[in-house]
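# A closer look at the structure
Each chain, letter by letter, is given below.
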Amino acid sequence: MEKIALFPGSFDPFTIGHESIVSRALPLFDKIIVAIGYNTDKDGFFSLDRRMTWIKMVFKGEKNIEVIKYRGLTVDLCRKVNARFILRGLRTSADFEYERAIAQMNKVMYPEIETVFLLTLPEHTHITSTVVREIIRLGGDAHAFMPEKIKL
Ligand code: ADP
């Protein structure tokens, strides 16, 4: 059976921290699906289309990486696309506590799912989409935190 991992997130915007998690996880799976979660009543800072275009640009030519958007429960999407793994990145103990609850609840809803965590590289621990967004909103230069292929 094909080993498919879903990497869900808001990616608002996609950072070098996210890029690194996907690249480092690639040897572990046959396919990684980067899934941009959204809900209709809350717009992101960057439009869904823009986030999608950026992530596709970053992984252009990578046959084992797909980029999609979704609404609703992550486990429902996993069932739909046949993913048995959820990929998440861990930066801090706060990430761990948050992720632990979600992973354990997902496991109850979909017992076949396994959440796989990769620790962030030390040089990416401080990078958060929230702060990158704030820098951009205030007119600063956030290029150091975003993949080179993304041009604002
Ligand atoms: P969410 O809204 O689901 O938290 P994010 O886009 O903020 O979505 O993050 C998606 C995933 O990427 C999460 O597992 C998060 O912990 C991870 N992540 C975010 N920033 C980094 C980083 N700098 N290094 C490694 N992983 C990260």
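In the block above lies the structure referred to throughout.
Here goes a summary of the coordinates provided. Quick caveat: nothing in here was measured; it's all calculated off a predicted structure.

### Digging into the nonpolar core
The biggest cluster of nonpolar side chains holds 31 residues, and the ones touching the most others in it are Phe7, Phe14, Val22, Ile32, Val34 and Ile55. Listing elements by their share of this core, those giving two or more residues are strand E1 (4-9), helix H1 (16-25), strand E2 (31-37), helix H2 (48-58), strand E3 (65-70), strand E4 (85-90) and helix H5 (129-137). No other element matches H2, which puts 5 residues into this core. Setting aside chain neighbours within four positions, we find Ile55 in contact with Phe11, Phe14, Val34, Ile36 and Val67. Membership of the second largest hydrophobic core comes to 13 residues, among which are Tyr70, Val75, Cys78 and Ile86.

### Side note on the packing of aromatic side chains
A full pass over the atoms with the stated rule returns 6 aromatic pairs. Here the aromatic rings of Phe14 and Phe59 are separated by 5.8 Å at their centres, their planes lie at 85°, and the arrangement is edge-to-face. Taken as a pair, Phe14 in the loop between E1 and H1 and Phe59 in the loop between H2 and E3 lie far apart in primary sequence, 45 residues in all. On the basis of relative accessible area, Phe14 is assigned to the buried category, the value being 1%. Residue Phe59 is classed as buried on the basis of its relative accessible area, which comes to 7%. Between Phe46 and Trp54, the ring centres sit 4.9 Å apart and the planes meet at 70°, which makes this aromatic pair edge-to-face. Site record: aromatic cluster; members linked through ring pairs are Phe7, Phe11, Phe14 and Phe59. Sitting above the plane of the Tyr110 ring, Arg79 keeps its charged end 4.4 Å from the centroid.

Conventions used here
Residues numbered from 1 in each chain as written. Predicted model: local features only at pLDDT ≥ 70, side-chain atom pairs only at ≥ 80, totals over all residues. Heavy atoms only, no water. Core = buried A, V, L, I, M, F, W, Y, C linked by side-chain atoms within 4.5 Å. Buried < 20%, exposed > 50% of the residue type's maximum accessible area, 1.4 Å probe, protein only. Helix = DSSP H or I, 4+ residues; strand = E, 2+ residues; numbered from the N terminus. Contact = heavy atoms within 4.5 Å. Phe/Tyr/Trp six-rings, centres within 6.5 Å; stacked < 30°, edge-to-face > 60°. Lys NZ or Arg CZ within 6 Å of the ring centre and 35° of its normal.

Limitation: the analysis is restricted to geometry and does not speak to function.
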